[in-house]
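Fold and geometry: a report
Here are the chains, one letter per residue:
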Amino acid sequence: MFNQFGDLERCALRPGNVHSADGWKDVLDPVVQRYRVKGHAHLFSSRCSLRHAEVYEFLEAERIKYAIRLPANQVLQGRIGYLLKRPVGRSAQ
């Protein structure tokens, strides 16, 4: 887990045969508690590997705003396709 400056906040080594989100709470909770004590704002973003209901519920219970990337799928693309169009002249990067 990295902060907004790219500094490592916490990490965990896991066997190569488990999901990358395995043990997420053991990594995330201590960081949340440390930031809460310091009185910092709580914002969280993640790749789609943490798209589990338990993660959302934890973040909402802790009153943390979050953005978690979802994998592309036809239903989602159909509903938000109009938002995905890039303005003329804007590159894909």
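Residues numbered from 1 in each chain as written. Predicted model: local features only at pLDDT ≥ 70, side-chain atom pairs only at ≥ 80, totals over all residues. Heavy atoms only, no water.

1. Focus on unusual backbone geometry
Backbone geometry places R63, a non-glycine residue, at a positive phi of 60°. Within the secondary structure, R63 sits in the loop between α2 (53-61) and β2 (65-68). (Helix = DSSP H or I, 4+ residues; strand = E, 2+ residues; numbered from the N terminus.)

2. Here's the deal with the packing of helix α1 (residues 24-38) against α2
It is the contact of α1 with α2, at a shortest axis distance of 12 Å, that shows an interaxial angle of 15°. As judged from the angle between their axes, α1 and α2 are roughly parallel. Note on packing geometry: the crossing formed by α1 with α2 is right-handed. Along the contact surface, α1 presents W24, K25, L28, D29 and V32, while α2 presents E54, V55, F58 and L59. Here the residues of the contact of α1 with α2 are counted per class, giving six nonpolar, no polar and three charged. (Axes fitted to C-alpha atoms, helices over the stretch in contact; angles between N-to-C directions. Parallel < 35°, antiparallel > 145°, perpendicular 65-115°, else oblique. Left-handed = near helix turned anticlockwise from the far one by under 90°. Contact = heavy atoms within 4.5 Å. Nonpolar A, V, L, I, M, F, W, Y, C, P; charged D, E, K, R; others polar.)

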